[in-house]
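# Structural characterization, general
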Amino acid sequence: MRCIALINQKGGVGKTTTTVNLGAALAELGQRVCLVDLDPQAHLTINYGMEPTADVVSLYNVLIEERSFLEAVHTIDTNIALVPSSIDLAAAEIELVSVLGRETILKEKLKSAQHDFDFILLDCPPSLGLLTINALAVASEVIVPMQPHFLALQGVGKLLETVALVSRRMNPALKVSGIVLTMFDSQTKLSTEVVNDLNGFIENAKGKPLPWANAKIFESKIRRNIKLAESPSFGQTILKYEPQSHGAADYRALAREVFAHVPGAAKPVMAPVAVPQPTMAVKPPALPAPVAENVALKPVAEKKVSVTTKPIEERKLVAAKVRIPPKPAPTPPPPVTPAEIEALT
Ligand SMILES: Nc1ncnc2c1ncn2[C@@H]1O[C@H](COP(=O)(O)OP(=O)(O)O)[C@@H](O)[C@H]1O
Ligand SMILES: [Mg+2]
């Protein structure tokens with residue numbers, strides 16, 4: 001299983017769009033994919049037409065309560081499952097402050113599901129707080145979605161510092177597989193300059209014991225495409241909403257590249273050929289490997305979620321409704337600082 005955290009502390013750079021559509025394209029390649037919504041804003045959850053309400057078992061219940069990871073897994077489509085977020089997740093960072101091992105709760109919970117999926121994609125919030133640290137502690141890889149922007153490199157420095165720290169202290173296997181450029185416009189001089197700067201930065205790390213020493217800028221750039229912005233309003237991925245669009249082509253290309261590029265692997269892995277299988281049933285979860293006797297293993301719960309195709313206006317109302325918090329949200333704690341991580345580990 002490959003567990004990939006999609007991280008950038010900046011909002012609006014395409015993390016959620018990439019999680020949704022890279023996930024869908026990997027599923028189209030026959031991979032069993034689980035998407036996890038770690039953002040209290042729940043955009044990934046809403047993108048799939050689910051309402052992040054308290055009556056759905058969500059990531060909050062997994063992190064705070066005794067619920068297992070698989071209890072929160074909702075089957076969405078062929079080869080795709082989702083662990084939804086909820087508004088309560090904003091409070092989780094505060095509720096977990098005094099919990100021992102709070103940075104590795106997700107890692108512990110995910111152990112029971114590692115044979116059920118080929119890819120787990122973690123859609124992170126736009127901060128380097130406890131939820132993002134939980135993602136970095138369990139992930140094997142990091143992908144950084146980034147808009148080519150003249151300040152882009154500045155943010156990446158801080159982000160990679162955090163990745164390096166978590167890698168050193170908690171998760172030595174963590175590697176940055178690459179940077180995916182989103183909302184890309186090849187015509188602009190700025191895009192070319194950002195790519196050159198990033199390439200220089202990565203080149204500098206080659207051969208050094210840094211988690212991004214084998215990172216790359218993915219060849220597949222995600223072009224700006226209005227269809228990508230429209231598809232969430234219909235609770236659909238770009239592959240369903242507009243399969244012939246640039247957006248669909250770019251995410252299909254990215255999926256093949258991500259599949260083939262395993263950071264640390266000696267040779268590139270050949271990407272499988274996508275075979276359209278509209279009638280294929282959802283693959284049953286793979287048989288778990290033999291484990292110690294008293295460990296109970298459960299199959300993935302078949303909780304089929306109705307994916308809505310309500311018109312935009314109606315869905316906007318749903319989205320607006322779920323964004324109103326039922327109670328005043330407590331002030332989130334400041335991001336976990338390197339010094340704090342040092343102290344905890
Ligand atoms: N390639 C693209 N072309 C056009 N719009 C995009 C593209 N990628 C993302 N968007 C839009 O940009 C906004 C921010 O994207 P999102 O994936 O939610 O970012 P993040 O998760 O990093 O906050 C959304 O409205 C999304 O629909
Ligand atoms: Mg997002």
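Residues numbered from 1 in each chain as written. Chains lettered and ligands numbered in written order. Predicted model: local features only at pLDDT ≥ 70, side-chain atom pairs only at ≥ 80, totals over all residues. Heavy atoms only, no water.

## Observations concerning the overall build of the chain
Definition in use: A run of DSSP states H or I qualifies as a helix once it reaches four residues; a run of E qualifies as a strand once it reaches two. Both are numbered from the N-terminal end. Think of it in three bands: with a 1.4 Å probe and only protein chains considered, a residue is buried below 20% of the maximum accessible area for its type, exposed above 50%, and partly exposed in between. Residues are treated as being in contact if the distance between any of their heavy atoms lies within 4.5 Å.
Scanning the chain for helices and strands turns up 13 helices and eight strands. Out of the 345 residues in the chain, the part that is buried amounts to 49%. Once local pairs closer than 6 in sequence are excluded, the contacts in the chain between residues at least 24 apart make up 79%.

## A closer look at the pattern of salt bridges
Selection criterion: We define a salt bridge as a side-chain nitrogen of Lys or Arg found within 4 Å of a carboxyl oxygen belonging to Asp or Glu.
The final tally for this structure, using the stated rule, is 11 salt bridges. Between lysine 227 and glutamate 242 there is a salt bridge, with its nearest N and O atoms 4.0 Å apart. One end of the pair, lysine 227, is in helix α9 (residues 226-230); the other, glutamate 242, is in the loop between α10 (238-241) and α11 (246-260), with 15 residues separating them in the sequence. The class of glutamate 242 is partly exposed, set by a relative accessible area of 28%. Connected via shared salt-bridge partners are Lys227, Glu230 and Glu242.

## A short note on the packing of helix α1 (residues 15-28) against α11
Quick note on the threshold: Axis definition: a line fit to C-alpha positions, over the contact stretch in the case of helices; interaxial angles, taken between N-to-C directions, run 0 to 180 degrees. The labels follow the angle: roughly parallel below 35 degrees, roughly antiparallel above 145, roughly perpendicular from 65 to 115, and oblique for the rest. Note that Gly is not counted as nonpolar here; it falls among the polar residues with everything else outside the nonpolar set of Ala, Val, Leu, Ile, Met, Phe, Trp, Tyr, Cys and Pro and the charged set of Asp, Glu, Lys and Arg.
At a minimum axis separation of 8 Å, α1 and α11 run at an interaxial angle of 70 degrees. Between α1 and α11, the interaxial angle falls into the category roughly perpendicular. Touching Thr17, Thr18, Asn21, Leu22, Ala25, Leu26 and Glu28 of α1 are Tyr251, Arg252, Leu254, Ala255, Val258 and Phe259, all from α11. Residue classes in the contact of α1 with α11 are distributed as eight nonpolar, three polar and two charged.

## Some details on the site of ligand 1
Inclusion rule: In this text, near means that some heavy atom of the residue lies within 4 Å of the molecule or strand in question. Polar contacts here mean pairs of N or O atoms no more than 3.5 Å apart (in protein, one a potential hydrogen donor and the other a potential acceptor; neighbouring residues in sequence count only if both atoms are side-chain atoms).
Residues in contact with ligand 1 amount to 14 residues; listed here are only the nearest, Gly12, Lys15, Thr16, Thr17 and Asn225. Contacts to ligand 1 include lysine 15, whose side-chain N or O atom sits 2.9 Å from an oxygen atom. Threonine 17 is positioned such that a nitrogen or oxygen atom in its side chain is 2.5 Å from an oxygen atom of ligand 1. Broken down by element, the shell around ligand 1 gets its largest block of residues, three residues, from α1. The residue makeup of the shell around ligand 1, split by class, is five nonpolar, six polar and three charged.

## As for the nonpolar core
How we decide: For this analysis, a nonpolar core means a set of buried residues of the types Ala, Val, Leu, Ile, Met, Phe, Trp, Tyr and Cys, connected via side-chain atoms within 4.5 Å.
Counting residues in each nonpolar core, the largest one holds 61 residues, and the members touching the most others are Val36, Leu59, Phe69, Leu106 and Leu122. Those residues within four positions of valine 36 in sequence are excluded, and the remaining contacts are Leu44, Leu59, Phe69, Val83, Ile120, Leu121, Leu122 and Asp123. Membership of the second largest hydrophobic core comes to 34 residues, among which are Met50, Ile76, Ile80 and Leu239.

## A closer look at the sheet that holds strand β4 (residues 80-83)
Where we set the bar: At least two DSSP bridges between two strands are needed for those strands to be called paired.
Spatially, the eight strands line up as an open sheet ordered β3-β4-β2-β5-β1-β6-β7-β8, and their pairing is mixed. The open sheet terminates on both sides in strands that have one partner only, identified here as β3 (74-77) and β8 (216-217). Relative to the sheet, α1 contacts β1 (2-6), β2 (33-37), β4, β5 (119-123), β6 (141-146) and β7 (175-181), its axis offset from that of β5 by approximately 170 degrees.

## Side note on the pairing of β6
In terms of residue burial, β6 counts as a mostly covered element, since six of its six residues are buried. With burial as the criterion, each face of β6 is covered, one bearing Glu141, Ile143 and Pro145 and the other bearing Val142, Val144 and Met146. The sheet contact formed by β1 and β6 spans three bridges and is parallel. In the sheet register, leucine 6 faces β6, and the bridge partner there is isoleucine 143. The pairing of β6 with β7 spans six bridges and is classified as parallel.

## Focus: a nonpolar patch on the surface
As a reminder of what qualifies: Patch membership requires over 30% relative accessible area and the absence of a salt bridge. Like charges are linked within 9 Å, and nonpolar side chains (Val, Leu, Ile, Met, Phe, Trp, Tyr) within 5 Å. All accessible-area figures derive from a Shrake-Rupley calculation using a 1.4 Å probe, and residue coverage is judged against the displayed protein chains alone.
A surface patch of nonpolar side chains, amounting to about 300 Å² of accessible area, comprises Phe150, Leu151 and Leu190. Note on phenylalanine 150: relative accessible area 64%, which makes it exposed.

## Quick word on the environment of proline 172
By the secondary structure assignment, proline 172 is in the loop between α7 (152-169) and β7. Remark: the alpha-carbon pair of proline 172 and proline 211, spanning 39 residues in sequence, is separated by 8.6 Å.

## Examining the pairing of β5
Extensive coverage of β5 is indicated by the burial of five of its five residues. What you see with β5 is no split at all: Phe119, Leu121 and Asp123 on one side and Ile120 and Leu122 on the other are buried throughout. Judged from the five bridges that link them, β1 and β5 form a sheet pairing that is parallel. Of the residues in β5, the one forming a bridge with isoleucine 4 is leucine 121. With five bridges connecting them, β2 and β5 associate as parallel partners. In the sheet register, valine 33 faces β5, and the bridge partner there is phenylalanine 119.

Distances and angles like these do not, on their own, reveal function.
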